[in-house]
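# Fold and geometry: a report
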Amino acid sequence: MTRLSHVKPGKKARIVHMGVKGPAGRRYREMGMVRGEIIRVIRVAPLGDPIEIELKGYHLSLRKEEAELIIVKVIG
Amino acid sequence: MHGKVRAIGAYSALIGIAYMVYGLIEILEWMIGTLQIPLSPSPDIFAGFILIIIGTILIYRIGSLLDMKYEGLSFLFVGLVLSAIIGIMYILIMGADALDALVVGEPWNFDPTTYNLPAIVLFILLLPGWLIVRDREGFGE
Amino acid sequence: MSRGGKTRMAKIALAGNPNVGKTVIFNELTGSRQHVGNWPGVTVEKKSGKYAYRGIEIEVIDLPGTYSLSPYSIDEKVARDYIVEEKPDAVVNIVDASNIERNLYLTVQLLEAGANVVVALNMMDEAESKGMKIDIGRLSDILKVPVVPMVAVKGKGIGEMKDAIYEEITRHKEHRHMAIGYGKDVEKAIVSLEEDVERCPTLRKYRKRWVAIKLLEEDREVIGKVKDAGCVHIVKKAENIKKELGKKLDDDLETYFADKRYEFVDDALSIVLVKGKRVWTFSDMLDKVLTHKIFGIPIFLAMMWAAFQFTFAVAVPFMDAIDIFFQWLGEVSIPALNSIWITDPAIHSLVSEGIIGGLGSVLIFLPNIFLLFFVLSLMEDSGYLSRAAFVMDRAMYKIGLQGKSFVPMLLGFGCNVPAIMATRTIEDRRDRLITILVNPLMSCSARLPVYILFAGAFFVGIEGSVIFSMYFMGILLAIVMAVLLRRFLFRGKPSPLIMEMPPYRMPTLKSSAIHMWEKGSMFLKKAGTIIFLGVVIIWFLSTYPGGPGSDIETSYVATIGHLVQPIFAPLGWDWKAAIALIFGFIAKEIVVGAYGTFYGISNADEESATLRGELHNTFTPVSAYAFMAFVLIYVPCLATIGTIKSETGSWKWTLFAVAYMVSLAYMVALVITTVGHLLGFA
């Protein structure tokens, strides 16, 4: 288990725990970041932050600060 | 398909080099003044910089393109898109200038150095590249 | 169905996520019969239109694009209130078929709220090219609503949609029973709350199951509604139930509901959707390079440069045409007034110099504003705007802003009006306010003539560097102000980034043109009043008490100039400079014209050698540089002030913006003067 911010581009991972709280946490949930969801890290922005991920067939970007709070299990 | 990709790929790399050369010339002209060079490039540092970017993108992953990989195709595709945006932009600017001459009621004096002819000509010369992007047969990871 | 006389009337609403082609469908349905305004009390754009179909006059409301129906952003609140309070006859839920997994979350929420949903499954072509197969009949069975496949950009499915809408609004409204099962324990709680809701008379207009679920989700809006209805006991009961359930479920209820909704969507899609193999799409190919480690930023800068190049070059013929038009209008206005027996010279002067001349000097920038909107719309519709934000977010975050602030800041170099309107893409109000407040510091194109005039007069040989230093100073001050505002007025961090990166799409000329027209005319309507008032006031002050034709040195403006001149004395400026700055409130390029008037030089422009010579009598290089800096920083123009007012919806922030910019301008000018003198410059 690791933090989403540590997952290398190209890797897939399953969400184990959504640690983002408050309105942002709610927004992530509505965007499909729920426990058990499988996501793929696509790339890191040129300046090192934010990151782009793929889930539910679409692309989403979020900062490492929030990705840090999302616990995932890398599955290949 | 592979043969076609090879031929057109090599061709667009050549155009890429032409983009870089003209980009460098435009920056040079901006620094030291207009030179007598075919296609009368504009002495414009920003335009020169953009031509260099387009050229670099066109040749950056040429090997990968010739190996029929999507990565290489991506660079060709973006090179084509940027070339089209810049080329069309200069054509529109030329049109706007001609229109302005009409509005103000003065004759339009065509000064090639303000319209960046290299950007327009190279855009047109690069058009065959779209053939590979359109077909995209035989490409893989 | 609304009542009414002969023609039958109906109301429908369009709801959907952002980037699903909602606007295209709206345009296809309503054609040119559109109206753009604001939702009451908020600065969210409200678009409505009309069309007639089989004898029914149908009013279409375009709801803001939202990912969800929870009321946590203004957009969502507006959309939800409309659906549950106004109860439109049908809600057309536009779903991006290629992104159906996430899109159906909103659908589920709409159905829960009891809306009469018709699903428009748009972008079927994209879904197909991704290899997706969707069983539309079964999807319709599961959701218990009509589902119409569409490719709206190609006009496919519009006719079928109109039919489906017609069926829906003429359908006999019995309750539809689509409901997600939330598990035994929660269902029991919902049923028990439903009974209470039913007994509360004023809540009957809402679907009772929805109210019950929202109470359990602790939705503050719905809790407020229930309390207002005088049924506080239900809220209390819900709280108790929540506590019990929380223990049993080992999860907070909000997460639980979201999970269950997605579970429902996943289950439904496991039946109706066959996913394709992962293929390289054009979008993937573009992103590979456009957000590339090395090329991402250079390409972005190149695109912005091209945007400006295009805007300003293409605007020229239109600006010249406007100029010629207003000159002609000014000339013919006096004979025209005479011909209707209005011979009062005061009115002649008001009309030809005040109104026509004043408006002309502001409206000359319309082509720039319109074209910038056009370019912005191309960037937005193509999907590139979110990539730009992605690429620049890190840098902007460092100064307390966020990625989406960057494009508005850049647009500011063209014109602050579209730049400030472009901040609408920033959802967080605080992030947006900071972006608006520092935007005028980006030196817009109208300030350039002033720099050219003064740099040419006082800094021969280094004009370029001096002018560049103005732009640089603006950027520096914007960064400093952003940091300060974040530090003192908007404490905390920028809002977390949760941004969809939609697939790239070919923007259409039609939709970009419509977008440009809407935004441009909205600016005219909104800022128009303020601009009009402004030019009339300035005309009055510069014409009276002497009346038309009198010397400007005897006017109120001159009086004011002399009055405020002592304030500017430490900066070494005379009363003419003070007046020029007052005129500059209307628009910056008037500053040059005003100087021309003072020295009696007709048709003075920024290149005029005589004007430059005259300036040497009243300015030194140091005071000229200070003056240029002041022009850079203090309020850009009336149009910008009008835009700040209409975009923030608050006079308080508008006045704050004016006040801080004027004082900052004064401070900077003072520092320049002092340091200049200390260094021994004259």
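Bear in mind the structure is a predicted one, so any value in this text is a computation, not a measurement.

## So, the nonpolar core
Residue and element names in this part refer to chain C. Of all hydrophobic cores here, the largest spans 186 residues; its most connected members are Ile299, Phe454, Trp573, Tyr595, Phe619 and Phe627. If we ignore the near neighbours within four places in the chain, the residues touching Tyr595 are Phe454, Lys576, Ala577, Ala580, Leu611, Leu615, Phe619 and Phe627. Counting 69 residues, the second largest nonpolar core, distinct from the first, contains Leu106, Ala127, Val145 and Val272.

## Regarding the state of the cysteines
Residues and elements named next belong to chain C. In this structure the tally under the stated criterion is one disulfide over all chains. Through a disulfide, Cys200 is tied to Cys231; the S-S separation comes to 1.8 Å. Disulfide Cys200 to Cys231: torsion about the S-S bond roughly 90°, handedness right-handed. With Cys200 in the loop between helix 7 (184–199) and helix 8 (208–216) and Cys231 in the loop between helix 9 (220–228) and helix 10 (232–249), this pair connects stretches of sequence that are 31 residues apart. In this structure Cys200 comes out as buried when scored by relative accessible area, which is 1%. The exposure class of Cys231 is buried, given its relative accessible area of 6%. Lacking any disulfide linkage, Cys415 is separated from the closest cysteine sulfur, that of Cys444, by 6.3 Å. Summary of cysteine pairing: Cys637 is not part of a disulfide, and the nearest cysteine sulfur, belonging to Cys444, is at 6.3 Å.

## Details of the interface of chain C and chain A
With 44 residues of chain C at the contact, the number on the chain A side is 31 residues. Between chain C and chain A, a total of about 3,300 Å² is buried, with carbon and sulfur atoms accounting for 53% of that surface. Linking chain C to chain A there are eight salt bridges. Close ionic contact of C:Lys493 with A:Glu65 constitutes a salt bridge, the shortest N to O distance being 2.4 Å. When residues of the side of chain C that touches chain A are traced back to their parent elements, those giving at least two are helix 3 (100–112), helix 11 (253–272), helix 12 (282–290), helix 13 (296–339), helix 16 (384–398) and strand 10 (499–500) of chain C. Where strand 5 (residues 58–62) of chain A and strand 10 of chain C come together, two bridges link them in antiparallel fashion. What sits directly across from A:Ser61, in strand 10 of chain C, is C:Met499.

## A short note on the packing of helix 3 of chain C against helix 11 of chain C
Residues and elements named next belong to chain C. For the pair helix 3 and helix 11, interaxial distance at closest approach is 9 Å and the crossing angle is 115°. The two elements helix 3 and helix 11 meet at a crossing, and its hand is right-handed. Every residue of helix 11 that contacts helix 3 at Ile100, Glu101, Arg102, Leu104, Tyr105, Val108, Gln109 and Glu112 is listed here: Ala258, Arg261, Tyr262, Phe264, Val265 and Leu269. Taken together, the residues of the contact of helix 3 with helix 11 sort by class into nine nonpolar, one polar and four charged.

## Remarks on the packing of aromatic side chains
Counted under the stated rule, the structure contains 44 aromatic pairs over all chains. Clustering of aromatic rings is evident, with ring pairs tying together C:Phe454, C:Phe458, C:Phe568, C:Trp573, C:Phe585, C:Phe619, C:Phe627, C:Phe630, C:Tyr634 and C:Tyr666. A cation over a ring is seen here: C:Arg102 above A:Tyr58, with NZ or CZ 4.1 Å from the ring centre. In this structure, C:Arg487 packs its charged tip against the face of C:Phe488, placed 5.9 Å from the ring centre.

## As for the sheet that holds strand 6 (residues 70–74) of chain A
The seven strands lie next to each other as 1(A)-6(A)-2(A)-3(A)-4(A)-5(A)-10(C), forming an open sheet whose pairing is antiparallel. The two strands at the open ends of the sheet, each matched to only one other strand, are strand 1 (2–3) of chain A together with strand 10 of chain C. In terms of strand pairing, strand 3 (residues 38–44) of chain A meets strand 4 (residues 51–55) of chain A through four bridges, oriented antiparallel. If you follow A:Val44 over to strand 4 of chain A, its bridge partner there is A:Ile51.

## Here's the deal with the sheet that holds strand 2 (residues 34–38) of chain C
Each strand in a sheet pairs with another by means of backbone hydrogen bonds, the pair being arranged parallel or else antiparallel. Residues and elements named next belong to chain C. One open sheet accounts for seven strands, arranged 2-3-4-1-5-6-8; its pairing is mixed. At either end of the open sheet lies a strand with only one pairing partner, and these are strand 2 and strand 8 (147–149). On average, each strand axis in the sheet is tilted by 25° relative to the strand beside it, whichever way the strands run. Packed onto the sheet, helix 1 (residues 22–30) meets strand 1 (8–16), strand 2, strand 3 (45–53), strand 4 (56–62), strand 5 (90–96) and strand 6 (117–122) and runs at close to 40° relative to strand 3. Contacting strand 1, strand 5 and strand 6, helix 3 runs over the sheet at an angle of about 165° to strand 5.

## Observations regarding the packing of helix 1 (residues 22–30) of chain A against helix 11 of chain C
The contact between helix 1 of chain A and helix 11 of chain C brings their axes to 10 Å, and the two run at 15°. Viewed along their axes, helix 1 of chain A and helix 11 of chain C adopt a mutual orientation that is roughly parallel. Note on packing geometry: the crossing formed by helix 1 of chain A with helix 11 of chain C is right-handed. On helix 11 of chain C, the residues touching A:Arg26, A:Arg29 and A:Glu30 of helix 1 of chain A are C:Glu254, C:Thr255, C:Ala258 and C:Tyr262.

## Focus: the interface of chain B and chain C
Across the boundary between the two partners, chain B contributes 32 residues, which contact 27 residues of chain C. For the pair chain B and chain C, the summed buried area comes to about 2,600 Å², and 83% of that belongs to carbon and sulfur atoms. Where chain B meets chain C, there are zero salt bridges. Across the chain B-chain C interface, the total number found is two residue pairs in polar contact (both at pLDDT 80 or more).

## Quick notes on the pattern of salt bridges
Under the criterion given, the structure shown has 47 salt bridges over all chains. Put simply, B:Lys4 and B:Asp135 hold a salt bridge, and the shortest N to O gap is 2.6 Å. Taken together, the positions of B:Lys4 in helix 1 (residues 2–32) and B:Asp135 in helix 6 (residues 129–135) put the pair 131 residues apart, joining distant regions of the chain. A relative accessible area of 32% places B:Lys4 in the partly exposed class. The closest approach of N and O atoms between C:Arg80 and C:Asp219, which form a salt bridge, is 2.6 Å. A residue pair is termed long-range when its members are at least 10 positions apart, and C:Arg80 in helix 2 (residues 74–86) and C:Asp219 in the loop between helix 8 and helix 9 qualify at 139 residues. The same class applies to C:Arg80 and to C:Asp219, which are both buried. Because the salt bridges share partners, they merge into one network encompassing C:Lys77, C:Asp81, C:Glu85, C:Lys205, C:Glu221 and C:Lys225.

Parameters at a glance
- Residues numbered from 1 in each chain as written.
- Chains lettered and ligands numbered in written order.
- Predicted model: local features only at pLDDT ≥ 70, side-chain atom pairs only at ≥ 80, totals over all residues.
- Heavy atoms only, no water.
- Core = buried A, V, L, I, M, F, W, Y, C linked by side-chain atoms within 4.5 Å.
- Buried < 20%, exposed > 50% of the residue type's maximum accessible area, 1.4 Å probe, protein only.
- Contact = heavy atoms within 4.5 Å.
- Disulfide = S-S within 2.5 Å.
- Helix = DSSP H or I, 4+ residues; strand = E, 2+ residues; numbered from the N terminus.
- Buried area = accessible area lost by both parts, 1.4 Å probe.
- Salt bridge = Lys/Arg side-chain N within 4 Å of Asp/Glu carboxyl O.
- Pairing = 2+ DSSP bridges.
- Axes fitted to C-alpha atoms, helices over the stretch in contact; angles between N-to-C directions.
- Left-handed = near helix turned anticlockwise from the far one by under 90°.
- Nonpolar A, V, L, I, M, F, W, Y, C, P; charged D, E, K, R; others polar.
- Phe/Tyr/Trp six-rings, centres within 6.5 Å; stacked < 30°, edge-to-face > 60°.
- Lys NZ or Arg CZ within 6 Å of the ring centre and 35° of its normal.
- Parallel < 35°, antiparallel > 145°, perpendicular 65-115°, else oblique.
- Polar contact = N/O pair within 3.5 Å; in protein donor to acceptor, adjacent residues only side chain to side chain.

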